[in-house]
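Examining the three-dimensional arrangement
The chain contents come next:
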Amino acid sequence: MADEKNELNVDLENNLITSINPEVTGNSSSFDQNMADEKNEMNIDLGNDLVTYVNSEGDVNFDYDYNTFKNDSAVSEDHIKSFAFKNDPARIPNSVSVTFQSYFVELGPCQPTSYNLPNKEFPKTYYSNDKFRSFHESYYFKQVENQPPCKRWWLSYSLSENKIFCISCKLFGLPKAKKQNLVSSGSCYWKNILRVIRNHENFLEHLESEINRNLFTKRLKLDLRIEIIHSANRKVAENREIVRTIIDVLVFISRQNIALRGHNEKHLSLNKSNFLELISLLGDYHPTLENHLNTIKLKDHNRLTFLSNSSQNALLNILKEQIRAKILDDIKHSQMFSVIIDTTTDISNLERFTLIAHYVYKGFIQERLVALITASDGTGKGLFQEFCNITDKYNLNWRSHLYAQAYDGAASMQGQYSGLKTLIQQQNHKAIYIWCFAHLLNLVVIDTADSSLLIRQFFGDLQGIIAFMRARKRTAKFVDCQKKLQPTKRIQKIKLFSNTRWTSRGRVINVVYSKFKALTMCLCNLSKFDNRTTASGVNSYLKIITTFNFVLTMILLKRIFAITTQLSNYLQSKSLDFIEALRLVDVSEKQLICDSEFEKIVNEAKYFTKENQLTEVYFKDSRQCVKKKLPGEETADEVISSPFIKYRCETYFKVLDKVNTSIQSRFSGARDILKDLNLLSPERLEYYSKNNKPLPKDSFSKLTSWVPCINLDQIKNEYTVFSKSYKEVISGDDIPLMLHQESPSEPNSESEYLTSDDETEQNKSVKEEIGIDKILYILSTYDLQAAFPNLHITFKALGTLPVSSSSAERSFSKV
């Protein structure tokens with residue numbers, strides 16, 4: 001598509017885009033100019049016959065439909081055949097209809113110049129004094145004293161008869177005027193032609209004809225102008241409908257997160273782009289758009305198409321600013337917000353800086369992208385400068401309305417002296433720092449994986465198997481084995497580990513567990529290959545995965561990842577509140593730390609080995625190490641001889657201890673924040689609704705330092721009254737379904753391991769309990785905001801606290 005330079009005006013209220021292309025809309029002055037320009041070609045619709053006419057100078061290159069004149073009884077066949085010019089006055093009948101009056105008025109007088117004639121000169125007439133005289137084009141103009149020459153519109157020259165006629169009297173004259181020689185037969189008296197012209201101009205009947213012509217012409221121009229205005233308005237309406245459809249296509253493509261442009265967008269391309277192909281598809285069901293597309297194909301010159309890359313970018317920028325304006329209005333209306341900031345290096349090795357706003361609007365917790373820019377400096381001071389530039393540009397008062405900030409564990413973010421969170425807190429002490437819960441959980445899993453020697457060996461062996469099976473032929477063999485053993489189940493492949501997302505380990509373990517028979521069968525088939533490297537690697541990995549220790553460790557880690565991955569998905573939810581997040585962490589911790597589960601895991605490993613027909617179905621017996629007992633030594637110092645006990649002590653218990661200590665230490669900072677907000681939890685509200693006990697004296701004391709606008713005495717009274725009617729208030733049936741009644745969405749279909757067979761009812765009940773978002777919705781929408789203003793602000797501040805910074809990373813993924 002050709003680049004378009006036409007500007008686009010956007011009606012932000014009605015989402016209508018109007019082209020100001022002068023070819024489409026125009027204005028009154030342009031209409032007048034077009035009417036005054038006698039050289040412009042025009043089209044007149046004469047009933048069902050479209051007559052194309054030329055300029056007033058009588059261009060002989062035209063196509064004329066002679067059948068049109070046959071409808072008029074005053075026109076003869078001889079007139080039709082002898083036409084040299086369309087507006088030849090000798091061939092115009094003395095009596096014509098109004099339709100042909102309009103036609104000949106628009107054609108204008110036949111006033112050819114010598115250049116338009118075949119021999120480049122007017123025909124000459126011989127007179128008795130041996131002189132040749134002829135018509136001259138200077139007679140078309142009347143010389144007025146002290147004035148520039150004015151054109152004689154009435155004077156019309158007939159090439160077919162070499163005479164001049166008065167076209168005004170012929171078309172608009174009264175019967176007396178039509179009896180004049182210049183009307184009925186014309187004049188070729190070239191010797192005194194100037195005197196003939198001047199005498200005719202002074203006739204009273206001629207002047208009346210000129211007045212009639214002028215009135216008719218004005219009425220015709222007025223009707224034509226109205227028609228053109230209606231045509232222009234219709235074109236504007238069509239353009240708006242076309243642009244509205246294009247905007248819908250752009251919104252659809254943006255929501256689907258697919259590319260707009262294609263590699264080859266020429267007309268002959270079979271696949272131009274997502275945008276153009278979708279426009280073409282909609283054109284089959286949209287007549288206006290289809291006509292627009294057909295017009296583009298017919299015209300090769302540059303015109304306004306609304307489909308070029310510049311138009312796409314212009315419309316996308318308009319939509320972007322509209323959405324951003326709405327987000328900023330919501331943030332300013334809330335007057336309490338948090339920021340989620342993250343950086344990453346793109347493919348061009350530039351630092352990308354994203355800022356997400358977390359706030360509460362009309363009772364709902366929102367996380368929306370505010371800006372995504374390129375940062376020149378990735379240090380804490382550089383990021384702080386970018387943060388200030390964005391907030392100043394969009395008039396966000398972060399020094400008064402910023403209440404929290406959530407980042408990952410990067411030193412530039414959470415540095416104690418020059419980190420971003422420290423620089424912000426120097427100017428706004430209310431902006432508490434929250435370490436992303438999802439990152440903390442990821443660190444817990446890393447600590448657990450490094451806690452035992454067997455766990456470290458297991459991940460090392462598993463990573464070696466992944467690298468070995470990534471070859472093309474080995475992957476194909478693994479797929480064939482799955483089709484033979486499990487023809488009705490989905491084909492799965494072993495994927496690489498992610499260095500930052502330890503949940504990817506859980507997905508690999510799940511594939512190995514569910515496709516264990518196919519994996520062993522594939523390795524057995526690969527052992528028969530002639531390649532020595534392949535045969536050696538197959539034998540090594542086949543021995544490793546068929547051991548009981550490998551199977552037992554795989555089942556143990558599968559259970560751990562089934563809990564932690566599910567928890568990680570919950571913690572990455574946009575609308576999860578702070579109290580519910582910590583409660584989910586506590587529930588998952590109780591599920592992980594369970595001493596009685598070891599025997600169940602061992603029995604499951606034994607059943608797994610028998611089902612897969614492995615030779616090693618239990619712990620391998622090892623030679624008992626006899627140690628000489630010295631004086632003073634106790635029985636506890638003896639070497640553990642039982643493999644069962646050794647695995648339980650050195651692997652299972654170590655893993656549980658590490659999970660416990662890691663969760664407590666990693667989430668200790670978040671628990672310190674919760675101390676001030678614990679009274680807002682649904683459990684505490686229910687407790688005080690059943691028991692008429694007074695609140696502690698220091699209740700909400702620390703909260704008032706974080707949210708200064710809260711009145712300490714009033715919030716205690718509001719809390720007491722609200723807690724008594726807590727159950728009745730939340731029992732409404734018209735409350736919309738909130739986050740905690742929904743299951744976490746997992747994009748990978750290999751997530752059946754997320755729901756463990758041993759999932760407790762306690763975790764299920766957590767999903768069904770009333771969350772902070774429901775209470776916040778009730779206080780915001782049921783006319784309780786005025787009755788409980790301090791309590792509403794408190795719950796709003798709680799909803800403003802972000803749980804994770806996953807939305808910032810998702811913004812990078814979208815880009």
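Note that this is a predicted model, so its numbers are computed, not measured. (Residues numbered from 1 in each chain as written. Predicted model: local features only at pLDDT ≥ 70, side-chain atom pairs only at ≥ 80, totals over all residues. Heavy atoms only, no water.)

**Comments concerning the overall build of the protein**
When you go through the protein residue by residue, the secondary structure sums to 33 helices and 15 strands. Across the 815 residues in the protein, those meeting the buried criterion constitute 46%. Taking contacts inside the protein between residues at least 6 apart in sequence as the whole, the part at least 24 apart equals 68%. Looking at the protein as shown, the accessible area adds up to about 43,500 Å², and 49% of this sits on carbon and sulfur atoms. (Helix = DSSP H or I, 4+ residues; strand = E, 2+ residues; numbered from the N terminus. Buried < 20%, exposed > 50% of the residue type's maximum accessible area, 1.4 Å probe, protein only. Contact = heavy atoms within 4.5 Å. Areas by Shrake-Rupley, 256 points an atom, 1.4 Å probe, with all protein chains shown as cover.)

**Describing the packing of helix α18 (residues 503-514) against helix α21 (residues 548-571)**
Any two packed helices are characterised by the angle at which their axes cross and by the distance between the axes. One can describe the packing of α18 onto α21 by two numbers: an axis separation of 9 Å at closest approach and a directional angle of 135 degrees. As summarised for this structure, α18 and α21 are arranged oblique, according to the angle between their axes. Crossing of α18 over α21 shows left-handed handedness. In this structure, α18 uses T503, R505, G506, I509, N510, V512 and Y513 to contact α21, whose residues at the interface are M554, I555, L557, K558, F561, T565 and S568. The residue inventory of the contact of α18 with α21, partitioned by class, reads 7 nonpolar, 5 polar and 2 charged. (Axes fitted to C-alpha atoms, helices over the stretch in contact; angles between N-to-C directions. Parallel < 35°, antiparallel > 145°, perpendicular 65-115°, else oblique. Left-handed = near helix turned anticlockwise from the far one by under 90°. Nonpolar A, V, L, I, M, F, W, Y, C, P; charged D, E, K, R; others polar.)

**Brief notes about the nonpolar core**
Generally speaking, a soluble globular protein has its nonpolar side chains buried in company with each other. F437, F459, M469, L571, F578, F795 and L801 are the most contacted members of the largest nonpolar core, which has 108 residues in total. No other element matches α21, which puts 14 residues into this core. For F578, the contacting residues outside a window of four places in its chain are I434, F437, A670, I673, L674, L798, L801, P802 and V803. (Core = buried A, V, L, I, M, F, W, Y, C linked by side-chain atoms within 4.5 Å.)

**Some details on helix α24 (residues 643-666)**
A rise of 1.5 Å per residue sets the reference length of α24, with its 24 residues, at 34 Å; its end C-alpha atoms lie 33 Å apart and thus fit the reference within 8%. For α24, the principal kink sits at C649 and spans about 30 degrees. Every buried residue of α24 is listed here: F644, Y647, T651, Y652, V655, L656, V659, S662 and I663. Buried positions along α24 lie against α15 (437-449), α16 (453-469), α21, α22 (578-592), α23 (597-611) and α25 (668-674). (Expected span 1.5 Å × (residues − 1). Bend = angle between axes of the 7 residues up to and from the residue.)

**As for unusual backbone geometry**
Both trends apply: most residues other than glycine have a negative phi, and most peptide bonds are in trans. Phi angles above zero are rare outside glycine, and N257 is one such case at about 60 degrees. If you trace the backbone, N257 turns up in the loop between α7 (204-256) and α8 (274-283). Of note in the backbone geometry, Q613 takes a positive phi value of approximately 55 degrees without being a glycine. Of note, Q613 is situated in the loop between α23 and α24. With relative accessibility at 70%, the residue Q613 sits in the exposed group.

**Re the pattern of salt bridges**
For the structure shown, the criterion picks out 15 salt bridges. R583 is paired through a salt bridge with E683; the nearest N and O atoms lie 1.8 Å apart. With a gap of 100 residues between them, R583 in helix α22 and E683 in helix α26 (residues 682-690) connect regions that are remote in the sequence. The class for R583 is buried, based on a relative accessible area of 13%. One continuous salt-bridge network, built from bridges that share partners, spans R559, E597, K600 and E604. (Salt bridge = Lys/Arg side-chain N within 4 Å of Asp/Glu carboxyl O.)

**Considering the packing of aromatic side chains**
For the coordinates displayed, the defined rule picks out 29 aromatic pairs. Both rings, one in Y407 and one in Y433, keep their centres 5.8 Å apart while their planes meet at 35 degrees; by these two values the pair is tilted. One end of the pair, Y407, is in strand β14 (residues 402-407); the other, Y433, is in strand β15 (residues 432-435), and 26 residues separate them in sequence. Of the two residues examined, Y407 and Y433, each falls in the buried class. Just above the ring of F468 sits the side chain of R474; from NZ or CZ to the centre is 4.1 Å. Its guanidinium or amino end placed over the ring of Y513, K558 lies 4.9 Å from that ring's centre, counting from NZ or CZ. (Phe/Tyr/Trp six-rings, centres within 6.5 Å; stacked < 30°, edge-to-face > 60°. Lys NZ or Arg CZ within 6 Å of the ring centre and 35° of its normal.)

**Looking at the packing of helix α19 (residues 516-526) against helix α20 (residues 532-545)**
The geometry of α19 relative to α20 is characterised by a closest axis approach of 8 Å and an angle of 145 degrees between their N-to-C directions. In terms of crossing hand, the pair formed by α19 and α20 is left-handed. Seen from α19, the contacting residues are F516, L519, T520, L523, C524 and L526; seen from α20, they are T534, V538, Y541, L542 and I545. Within the contact of α19 with α20, the residues separate by chemical class into 9 nonpolar, 2 polar and no charged.

**Here's the deal with the pairing of strand β10 (residues 163-166)**
For a regular strand, the rule is simple: side chains alternate between the two faces of the sheet. Of the pairings in the sheet, the one linking strand β9 (residues 155-158) to β10 comprises 4 bridges and is antiparallel in character. Along β10, the bridge assignment pairs S158 with K163. Where β9 folds back on β10, the antiparallel hairpin that results is connected by 4 residues, among which N162 adopts a positive phi of roughly 55 degrees. (Pairing = 2+ DSSP bridges.)

**Considerations on the side chain of S807**
Looking at where S807 falls in the secondary structure, it is placed in helix α33 (residues 806-814). S807 sits in the buried class, given a relative accessible area of 8%. A polar contact is formed between the side chain of S807 and the side chain of E367, at a distance of 2.2 Å. Of the polar contacts made by the side chain of S807, one reaches the side chain of R810; its length is 3.2 Å. (Polar contact = N/O pair within 3.5 Å; in protein donor to acceptor, adjacent residues only side chain to side chain.)

**Topic: a positive patch on the surface**
A surface patch of like charges, here positive, comprises R368, K574, R810 and K814. Structurally, K814 is set in helix α33. Taking the relative accessible area as the measure of exposure, K814 reaches 55% and is therefore exposed. (Patch = residues over 30% accessible without salt bridge, like charges linked within 9 Å, V, L, I, M, F, W, Y side chains within 5 Å. Lys, Arg positive; Asp, Glu negative; His and termini not counted. Charge placed at Lys NZ, Arg CZ, Asp CG, Glu CD.)

**A closer look at the confidence of the model for the protein**
Scored by pLDDT, the protein comes out at a mean of 77, with 79% of its residues at no less than 70. Note that pLDDT drops below 50 for residues 1-83; the model gives that stretch 140 contacts with residues more than four away or on any other chain. The low-confidence segment residues 737-768 (pLDDT under 50) makes 70 contacts with residues lying over four places distant or belonging to another chain. (pLDDT = per-residue confidence, 0-100.)

**Observations concerning helix α11 (residues 380-393)**
Between its first and last C-alpha, α11 extends 20 Å over 14 residues, near the 20 Å set by a 1.5 Å rise per residue. Every buried residue of α11 is accounted for by G380, G382, L383, F384, E386, F387, C388, I390 and T391. Of the residues trailing α11, N395 is marked for its positive phi of about 60 degrees.

**Describing the environment of N525**
When you line up the elements, N525 lands in helix α19. With 48 residues separating them in the primary sequence, N525 and K477 have C-alpha atoms 8.3 Å apart.

**Observations concerning the sheet that holds strand β13 (residues 364-375)**
Pairing is mixed across the open sheet formed by 5 strands, whose spatial order is β13-β12-β11-β14-β15. The open sheet terminates on both sides in strands that have one partner only, identified here as β13 and β15. Strand after strand, the sheet turns through a mean of 25 degrees between neighbouring axes, direction not considered. Where strand β11 (residues 337-345) and β14 come together, 4 bridges link them in parallel fashion. Its bridge partner being in β14, I340 is matched across the sheet by A406. Across the sheet, helix α14 (residues 420-427) lies against β11, β14 and β15, angled at about 175 degrees from β14, the strand it touches most.

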